[in-house]
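# Residue-level structural notes
Listed below, chain by chain, are the residues.
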Amino acid sequence: MHSFRYVDGSLKCEGVDLEKLASEVGTPAYVYSAETIRGNYRRLDEALAPLGDRMICYAMKANGNLSVLNLLAKEGAGFDIVSGGELFKVLKAGGRADRCTFAGVGKTAAEIEYALRQGIYSFNVESEEELEMINAVAAKAGLVAPIAIRVNPDVDAPTHKYISTGKSKNKFGIGLDRAAAVYERAASLPNLKIRGLQTHIGSQILKAPPFAEAVRKLTPLVLELKAKYGLEFFSVGGGVGIVYRGALSSGDAAWWKGSGENGEGDRLAPETYAAEVIEPLKALGLRILFEPGRFIVGNAGVLLTSVLYRKSTPTKNFVIVDAGMNDLIRPALYEGYHEIEPLKQPSSTDLERVDVVGPVCESGDFFAQDREVPVLVPGDRIALMSAGAYGFVMASTYNARPLLPEVLVEGDKATIVRARQTWDDLLLGERLPT
Ligand SMILES: *Cc1c(COP(=O)(O)O)cnc(C)c1O
C-alpha cells in the first residue's frame, strides 16, 4: 500500500534515502511517493472495474499539490473540488473540468459562474437556497448548470465526530425526507439540468458495511428519480479509511514494535470495500462516481522533522521537534495519530515514553502524547508517517513560520515540487498604511 521501508537501517521512500534527502532540502519537509499514489488509484479503480461505467473523482482537498494533481490527471482521474481555487488548480495541473464535481455547502456566486463557464460535470448541491442561486447564475450567463443533490442518508459511520458527515445532525446535504421535493423544485428551474445524486457519509471509515447501507437506503429514491428525471450518475462519495497505526510495512509493523502490532488501524482494503458496495451500486444501473481523498494520498506522504531538544518535567519527558501544528494539524484538530519512525534505525532497541511536541506557542502543538518511541536525541531526524492527506493543505504560517517544501519521489528521483517559503514570502501582499 505504500513505498516507505527500511533498507539496511535507513528509511527509504521508493529508491530515495530520506536522511540524505532531509540533509539536502532541510527539515521540516513533506515527501510524497508517486508510486504509492498511482498504486492506490489503480488498485481502487481495478477493484471497482466490475461496475463498468465509473469515474474516480479524487477529492483534492486532501492534497492539492500541483504535481500530485498532474500525476492523477495522467491516470485519468476526475476531481472532486470544493472551491473555485481548487478548480483553478486542477486546470493548471492538466485536469479536465468535465471530470470535476463541485461539492461544499458555501459556494459563492462567483465560484459558481467560474465553474459553469469552465464546463464542470456536476454541482453537488447542499441546500435549496444554493439550488436557486445556481439557477440564477446560470440564467444570467445564458447557460444550463448540471446538478446533483447531496442527500444525507442518516447512517452512522464509526469515525471521529469532526469528520462524520452522514448523520442528520451534520451540516451537509439534504435529508432523505426532503430530497424528492428538492428534486421536484430543481426540475422546475429552467437553467438546471438534473444529472445525478450524491452522498458522502464521512471520512476515515474503516468498515465497508456503512457505505453499502447508505447506498441501500438511497436506492428507492434513486430509482424513482431515475425514472422521473433520467439521472445519469450516482456518487457514493469518499471516506475510505487508511492505516495510521503500524503504518510502516516492513512486515506490516513498525520494526521496533515487533510484528503483529497493528493497533486500531486495520485497513479497509479497496477490494473489501468494492466487494461490499458493488452489488448495491450495480443495481442502480447508473454511472458510479467515487470521491476518495485520504485513501489515494494518505499513506503516500510523510513529514520529515528534526529533534531540536529534550526536556523533562517531574511527570513528563518531551522531545521537541522543528515541525509544528501549523505544518500538520491533524493531532490537534482530530486527535489524529501518526507513527514516528527514525530515519536512521538506532542501534539500541530501548524505548522511552515521551510527548513529541513542536515549537508553536500552543499546548495543542503535539504529534504524540505518552508514546513509547525509540530514544531520540537532538539532531536525530524522524518521519511522521501517513501525512500525505490533510497535511500540507491544512498548513498555516501561524507564529510566522514559512510554509514547508513538498518533495515528490519517483523511483530514485526526488523533485522539490514546492519550494520552502522564505521570510520575505511571509510579507507577500502586506503593506503599511500610508
Ligand atoms: C472530504 C470529502 C471527500 C473525501 O473524503 P476522504 O475521507 O478524504 O476520502 C469526498 N467527498 C466529499 C463531498 C467530501 O467532503
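The model shown is predicted, which means the values in this text are computed figures rather than measured ones.

### Considering the sheet that holds strand β2 (residues 10-13)
Read across the open sheet, the three strands follow the order β1-β2-β3; overall the sheet is antiparallel. Two strands in the sheet have a free side with no partner beyond their single neighbour: β1 (4-7) and β3 (16-17). Bridge count between β1 and β2: four bridges; the pairing is antiparallel. What sits directly across from Y6, in β2, is L11.

### Some details on helix α9 (residues 270-282)
With 13 residues, α9 should cover 18 Å at 1.5 Å per step; its first-to-last C-alpha distance of 17 Å lies within 8% of that length. Along its length, α9 reaches its greatest deviation from straightness, about 30°, at E276, and the proline P280 lies no more than four positions downstream. Looking at α9, one finds that the buried residues are P270, Y273, A274, V277, I278, P280 and L281. Elements in contact with the buried residues of α9: α2 (34-47), α8 (209-229), β12 (233-235), β13 (287-290) and α10 (294-297).

### Remarks on α2
Relative to the 20 Å expected for 14 residues at 1.5 Å per residue, α2 spans 20 Å between its end C-alpha atoms, a close match to the ideal helical length. A34, T36, I37, N40, Y41, L44 and A47 are the residues of α2 that are buried.

### Description of the side chain of R371
Tracing the backbone shows R371 in strand β18 (residues 366-374). Salt bridges are absent for the buried R371, whose nearest opposite-charge side chain, E339, sits at 4.1 Å. At 2.9 Å, the side chain of R371 and the backbone oxygen of H338 are in polar contact. Discounting residues that sit within four places of it in the chain, R371 has contacts with Y337, H338, E339, I340, E352, R353 and V354.

### Brief notes about the site of the ligand
The immediate surroundings of the ligand are formed by 15 residues, with K61, S203, E291, R294 and Y390 found nearest. Measuring from an oxygen atom of the ligand, one finds a side-chain N or O atom of S203 at 2.3 Å. One of the backbone nitrogen or oxygen atoms of R294 is found 2.8 Å away from an oxygen atom of the ligand. Protein chains shield 94% of the accessible area of the ligand, which is 390 Å² for the free molecule. Considering only residue class, the shell around the ligand consists of three nonpolar, seven polar and five charged.

### Looking at the pattern of salt bridges
Taken as a whole and judged by the stated rule, the model has 23 salt bridges. R287 is the partner of D53 in a salt bridge, and the nearest nitrogen-oxygen pair spans 3.1 Å. Separated by 234 residues along the polypeptide, D53 in the loop between α2 and β5 (54-59) and R287 in strand β13 bring together distant segments of the chain. Among the residues examined, R287 registers a relative accessible area of 25% and is labelled partly exposed. Through salt bridges that share partners, R38, R42, E75 and E410 make up one connected network.

### Some thoughts on unusual backbone geometry
The residue after T27, namely P28, is reached through a cis peptide bond having omega -5°. Looking at the element boundaries, P28 is found in the loop between α1 (18-25) and β4 (29-33). Its identity is not glycine, yet E335 carries a phi of approximately 55°, on the positive side. On the accessibility criterion, E335 (63% relative accessible area) is exposed.

### Quick notes on the domain arrangement of the protein
On domain assignment, one finds that the protein holds domain 1 (4-13 + 22-28 + 299-420) and domain 2 (103-291). For domain 1 versus domain 2, the separation of C-alpha centres amounts to 32 Å.

### With respect to the confidence of the model for the protein
Scored by pLDDT, the protein comes out at a mean of 93, with 93% of its residues at no less than 70. In the predicted structure, residues 249-265 sits below a pLDDT of 50 and forms 40 contacts with residues beyond four places in sequence or in another chain.

### Description of the pairing of strand β21 (residues 413-418)
As defined by bridge partners, strand β20 (residues 406-410) adjoins β21 across five bridges and the pair is classed as antiparallel. What sits directly across from E406, in β21, is R418.

### Here we look at the nonpolar core
Core analysis: the largest hydrophobic core is formed by 102 residues, its most contacted members being F123 and F234. Top contributing element to this core by residue count: α8, with seven residues. Domain assignment of the residues forming this core places at least three in each of domain 1 (4-13 + 22-28 + 299-420) and domain 2 (103-291). Leave out the neighbours within four places in its chain, and F234 touches L197, T199, V215, L218, V222, L281, L284, L286, R287, I288 and L289. Counting residues in hydrophobic clusters, the runner-up holds 18 residues, among them V31, L343, A383 and M385.

### Some points on the state of the cysteines
Here the structure, examined in full by the defined rule, presents zero disulfides. Of all cysteine sulfurs in the structure, the one in C57 sits closest to C100, which takes part in no disulfide; the separation is 7.2 Å. Taking the relative accessible area as the measure of exposure, C100 reaches 0% and is therefore buried.

Definitions and limits used
- Residues numbered from 1 in each chain as written.
- Predicted model: local features only at pLDDT ≥ 70, side-chain atom pairs only at ≥ 80, totals over all residues.
- Heavy atoms only, no water.
- Pairing = 2+ DSSP bridges.
- Helix = DSSP H or I, 4+ residues; strand = E, 2+ residues; numbered from the N terminus.
- Expected span 1.5 Å × (residues − 1).
- Bend = angle between axes of the 7 residues up to and from the residue.
- Buried < 20%, exposed > 50% of the residue type's maximum accessible area, 1.4 Å probe, protein only.
- Contact = heavy atoms within 4.5 Å.
- Lys, Arg positive; Asp, Glu negative; His and termini not counted.
- Salt bridge = Lys/Arg side-chain N within 4 Å of Asp/Glu carboxyl O.
- Polar contact = N/O pair within 3.5 Å; in protein donor to acceptor, adjacent residues only side chain to side chain.
- Near = heavy atom within 4 Å.
- Areas by Shrake-Rupley, 256 points an atom, 1.4 Å probe, with all protein chains shown as cover.
- Nonpolar A, V, L, I, M, F, W, Y, C, P; charged D, E, K, R; others polar.
- Domains from an automatic or database assignment.
- pLDDT = per-residue confidence, 0-100.
- Core = buried A, V, L, I, M, F, W, Y, C linked by side-chain atoms within 4.5 Å.
- Disulfide = S-S within 2.5 Å.

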